[in-house]
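Structure at a glance
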Amino acid sequence: HPVGSQVLESLYFPAPPAQKTSMEVEFYGPEYALFGAAGDGTGATAVKSLKEAMLRKPVAQRQGMLRQMNAALLPILEKGLVSPSIIHKVLAEYLDVGGPGTKFEAAHSLAGPAFLRMVHTREGAH
């Protein structure tokens, strides 16, 4: 929803780095949404990026994380709700670890005005 994306941006942009990270990791999967940046509820050190979170997972679970992110990001991209900085950051991490098919699908979804909005932000230009 366009208004919801503006509310998200107004909460994310001024947040301290620790809160931004905890908002970002919710895209990584349900365990991160429930237990925060540690992702396991044990109080382990928090992850700071998707790549770091994937390295902590067994190889068999890494594709599941990418599928979870795809399921979360694809509707956002299809609706063109890419204005919030958090979407730029999470999408950049997703594209960084994803394969060629992931990059093709995201590029296809981002063509047009949504892409122009993204490249004019620090996170989107990454």
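In what follows, the structure referred to is the one given above.
Since this is a predicted model, take the numbers as computed values, not measurements. (Residues numbered from 1 in each chain as written. Predicted model: local features only at pLDDT ≥ 70, side-chain atom pairs only at ≥ 80, totals over all residues. Heavy atoms only, no water.)

**A look at empty space enclosed by the protein**
The cut-off we apply is this: Put simply, the grid is 1 Å and covers the protein atoms alone, a cavity is a trapped set of points that fit a 1.4 Å probe, a pocket is an open set with protein on both sides within 12 Å along at least five of seven lines, and lining residues have an atom within 4 Å of a point. Grid points are joined across faces, edges and corners, and a volume is the space filled by probe spheres set on the points. Every helix listed is a DSSP run of H or I at least four residues long, and every strand listed is a run of E at least two residues long, numbered separately from the N terminus.
Within the structure shown, the criterion is met by 1 cavity of 30 Å³ or more. A volume near 60 Å³ is recorded for the largest cavity. Considering the residues around the largest cavity, the lining is formed by Asn 70, Leu 73, Leu 74, Leu 77, Tyr 94, Thr 102, Glu 105 and Ala 106. At the level of elements, helix H5 (59-79) and helix H7 (100-110) are the ones that each hand at least two residues to the lining of the largest cavity. Counting residues per element, the lining of the largest cavity draws most heavily on H5, which supplies 4 residues.

**With respect to the environment of Val 47**
By the secondary structure assignment, Val 47 is in the loop between helix H3 (30-35) and helix H4 (50-56). Sequence separation between Val 47 and Ser 22 is 25 residues; the distance between their C-alpha atoms is 9.1 Å.

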